[in-house]
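Given next are the chains, with one letter for each unit.
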Amino acid sequence: MTITVLEVDNLKLIRKLIKGELSFGEYLRKRGLSKYDNLKELKFVVNDNPNFLDEILSIISIGLRCRAMKGIFNLIDDEIALFIDFSSSQLSHFIRKNMANNKESKLLSERSTSLEMIYDLAIILDLPLRYLVNTSTEYEMTNSFAEYKTPKITKKNLYVLIEEILFEMKLKSRLNRRIFGVKIINEFFNAGNSKYLYARVDIREKFFTIEIHLENKANVNYPELIKLEKSIKMKNEIFIRNAFLRQNQKLCILISIDGIFDQNILYLHRDFLWRNVLFKFKDEELNMMMDKEEPEYF
């Protein structure tokens, strides 16, 4: 990952912020904020310090929150406008009008904005709806998926969804990128008795991801994940990482049509491959057991 001199300076500031050497206000004053700033230094904490990232995302303004997520997902307004029913100027207006107010302002987002557009943005930017509606949202990370419960979100079998994506990718007139939400019929996970799995689909030029929210931590287990992996019927990689501003984890299925999996997706680090995550869980459990069984010496 290349880094500019300005990003180095901003990264030094954010490290001071993490250590508590700067308040958030001091951090913003020292770094400054340009007209189209996406807080690019946050990409360096996406994987290393996701809890800190959530803390930052929870206290900045709605507009800056949108910009930060656009930076993480490498998106621009003109690109987003191609796969929703709103123009890039409407998107820019929403972000600009909601840039100034931080969490303490206790204001609602720009009221002239279509609620449908905010639902779309919530899925595209992978944020709970309330973080695009209310600046004073508390940092609770409760499992809220209102953006996936609108009439436009369709229900699909995973196999059918993959077949439809592969068909779309063969079309000459297709977009280079498209993001949308879907409810996948749950045929894989027992814990929680969820009928549907809320998923964000991100289709790129040569690969796509299906990012499934796992509402129950018990869903992260070997038998069910291996069942899911085998059901896909084509080469894939599955990652598990924390969802943004939610308590649940996300299961991200990466499928490459040319078999190349080194796609440099910022938030899908190799450490998050599902087997690596399970091994880490086991190591943590083993360490806890050893700590409990360690004899005390006086």
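Structure: above.
A brief look at the structure comes next. In this text the structure is predicted, and so the values were computed from the model without any measurement. (Residues numbered from 1 in each chain as written. Predicted model: local features only at pLDDT ≥ 70, side-chain atom pairs only at ≥ 80, totals over all residues. Heavy atoms only, no water.)

**Structural notes on the overall build of the protein chain**
When you go through the protein chain residue by residue, the secondary structure sums to 10 helices and six strands. The 298 residues of the protein chain split such that 51% are buried. Contacts in the protein chain between residues at least 24 apart in sequence constitute 67% of all its contacts with a sequence separation of at least 6. (Helix = DSSP H or I, 4+ residues; strand = E, 2+ residues; numbered from the N terminus. Buried < 20%, exposed > 50% of the residue type's maximum accessible area, 1.4 Å probe, protein only. Contact = heavy atoms within 4.5 Å.)

**Description of the sheet that holds strand β4 (residues 207–214)**
Taken together, the six strands give an open sheet; going across it, the order is β1-β2-β3-β4-β6-β5, and neighbouring strands pair in mixed fashion. The open sheet has two free edges, formed respectively by β1 (155–156) and β5 (237–242), since each of these has just one partner strand. (Pairing = 2+ DSSP bridges.)

**Some remarks on a positive patch on the surface**
A grouping of Lys12, Arg15, Lys16, Lys19, Arg29 and Lys30 is seen on the molecular surface, where their side chains present a positively charged patch. Contributions of two or more residues to the positive patch are made by α1 (5–19) and α2 (24–31). Here the element with the most residues in the positive patch is α1; it accounts for four residues. Owing to a relative accessible area of 63%, Lys19 belongs among the exposed residues under this scheme. (Patch = residues over 30% accessible without salt bridge, like charges linked within 9 Å, V, L, I, M, F, W, Y side chains within 5 Å. Areas by Shrake-Rupley, 256 points an atom, 1.4 Å probe, with all protein chains shown as cover. Salt bridge = Lys/Arg side-chain N within 4 Å of Asp/Glu carboxyl O. Lys, Arg positive; Asp, Glu negative; His and termini not counted. Charge placed at Lys NZ, Arg CZ, Asp CG, Glu CD.)

**What about the side chain of Arg31?**
By the element assignment, Arg31 lies in helix α2. Overall, Arg31 belongs to the buried group, its relative accessible area being 11%. At 2.7 Å, the side chain of Arg31 and the side chain of Glu41 are in polar contact. (Polar contact = N/O pair within 3.5 Å; in protein donor to acceptor, adjacent residues only side chain to side chain.)

**Section: unusual backbone geometry**
A positive phi angle is found at Asn74, which is not glycine, with a value near 55 degrees. With respect to the helices and strands, Asn74 occurs in the loop between α4 (62–73) and α5 (77–82). Phi at Leu245 takes a positive value of approximately 55 degrees, unusual for a residue other than glycine. Mapped onto the elements, Leu245 comes out in the loop between β5 and β6 (249–256).

**Describing the pairing of strand β3 (residues 196–203)**
Among the eight residues that make up β3, seven are buried, leaving the element largely enclosed by the rest of the structure. Two elements, strand β2 (residues 178–185) and β3, share eight bridges in a ladder whose sense is antiparallel. Within β3, the residue paired with Arg178 across the bridge is Ile203. Bridge count for β3 against β4 is five bridges, and the pairing is antiparallel. Bridge pairing in β4 places Asp202 opposite Thr209.

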